[in-house]
Amino acid sequence: MQLVVGRIGRAHGIKGEVSVEVRTDEPELRLAPGAVLATDPAATGPLTIATGRVHSGRLMLRFEGVADRTAAEALRNTLLIAEVDPEQTPEDPEEFYDHQLIDLDVVTVDGREVGRIAEISHLPYQDLLIVRRPDGTEVLIPFVGEIVPEIDLEEQRAVIDPPPGLLDEADAEVATSGDATDDGATDADATDDGATSGDDADGV
């Protein structure tokens, strides 16, 4: 199975280095020096990673045969694709690969249907489930244990416990109005304390 693990961004410096938008939770494995990656467009690759480092929170890669800024800029927006065994699973039972999550039905803890997972967005601070609703709109669900308490691969569903306003802005307005009567402390801060404890999807 071929899956996107990154997207090449801007050239960095004059020696062929590029920034990379990481789309995997295992960059040390999928985007390590020596890795050979297919590309989209295919004519750009395959690309072999020569070196890698983190600079200001972003992954910087240099590829074999890409020796200057001009060659690096020519790679901009190229997708990096890894070959992955579809039967492979993460060692941690609470971690999931993107291809395991795509197309899962999403329901709330009280059984309300929300939509279906269309994509996983890997951000520096957390992962987001991009859920497409039946009407074609999309909603972004932070992939953290407090909000996504259950992933059931056998039943092909993800169960969410959304805070007020995540799915419906009207709920947020009601919640805000109610919070104004107390001491100002709201439960919204509990939606993500940064501890995902294995709830992150692996974007291989």
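About the thresholds
- Residues numbered from 1 in each chain as written.
- Predicted model: local features only at pLDDT ≥ 70, side-chain atom pairs only at ≥ 80, totals over all residues.
- Heavy atoms only, no water.
- Helix = DSSP H or I, 4+ residues; strand = E, 2+ residues; numbered from the N terminus.
- Buried < 20%, exposed > 50% of the residue type's maximum accessible area, 1.4 Å probe, protein only.
- Contact = heavy atoms within 4.5 Å.
- pLDDT = per-residue confidence, 0-100.
- Salt bridge = Lys/Arg side-chain N within 4 Å of Asp/Glu carboxyl O.
- Polar contact = N/O pair within 3.5 Å; in protein donor to acceptor, adjacent residues only side chain to side chain.
- Core = buried A, V, L, I, M, F, W, Y, C linked by side-chain atoms within 4.5 Å.

K.L.:
Pulling in residues and values, what's your account of the overall build of the protein?
P.N.:
Scanning the protein for helices and strands turns up four helices and 14 strands. For the protein, the residues scored as buried account for 37% of the 204 residues in total. Counted over contacts in the protein with a minimum sequence separation of 6, partners at least 24 positions apart contribute 55%.

K.L.:
Can you break down the environment of valine 139 residue by residue, with the values?
P.N.:
The residue valine 139 is located in strand E11 (residues 138-142) in this model. Along the chain, valine 139 and valine 114 lie 25 residues apart, while their C-alpha atoms are 9.0 Å from each other. In this structure, valine 139 is in contact with Val114, Leu129, Ile130, Val131, Arg133, Leu166 and Leu167, ignoring residues within four places of it in sequence.

K.L.:
Before we move on, can you summarise the confidence of the model for the protein with the specific residues and values?
P.N.:
A low pLDDT score tells you not to read the predicted coordinates there in detail. Averaged over the protein, the pLDDT score is 78; the fraction of residues at 70 or greater is 75%. Note on residues 170-204: pLDDT under 50 across the span, and 62 contacts to partners over four residues away in sequence or across chains.

K.L.:
Please give an account of the environment of alanine 32 that cites residues and values.
P.N.:
Positionally, alanine 32 belongs in the loop between helix H1 (27-30) and strand E3 (36-40). Remark: the alpha-carbon pair of alanine 32 and isoleucine 49, spanning 17 residues in sequence, is separated by 6.8 Å. Other than its neighbours up to four places away in sequence, alanine 32 contacts Pro27 and Ile49.

K.L.:
Report on the pattern of salt bridges, specifying residues and quantitative values.
P.N.:
Enumeration according to the criterion identifies five salt bridges in this entry. With its nearest N and O atoms 4.0 Å apart, the salt bridge here joins arginine 69 to glutamate 73. Of this pair, arginine 69 and glutamate 73 both sit in helix H2 (residues 69-73), four residues apart, roughly one helical turn. With a relative accessible area of 37%, arginine 69 lands in the partly exposed category. Across the pair aspartate 105 and arginine 116 runs a salt bridge whose closest N-O atoms are separated by 3.2 Å. You can see aspartate 105 sitting in strand E8 (residues 105-108) and its partner arginine 116 sitting in strand E9 (residues 113-122), a full eleven residues away along the chain.

K.L.:
Kindly report on the side chain of threonine 39, identifying the contributing residues and their values.
P.N.:
Along the chain, threonine 39 turns up in strand E3. Residue classification places threonine 39 among the buried residues on the basis of a relative accessible area of 7%. Within polar-contact distance, the side chain of threonine 39 engages the backbone oxygen of proline 41 at 2.8 Å.

K.L.:
Account for the nonpolar core, naming residues and giving values.
P.N.:
Formed by 20 residues in total, the largest nonpolar core has its most connected members in Ile8, Leu31, Leu37, Ile49, Leu61, Phe63 and Leu80. At the level of secondary structure, the elements contributing two or more residues to this core comprise strand E1 (2-12), strand E2 (17-22), strand E4 (47-55), strand E5 (58-63) and strand E6 (79-83). Looking at which element gives the most residues to this core, the answer is E1, with four residues. One finds Leu101, Ile120, Leu129 and Val148 within the second-largest nonpolar core, a separate group that totals 19 residues.

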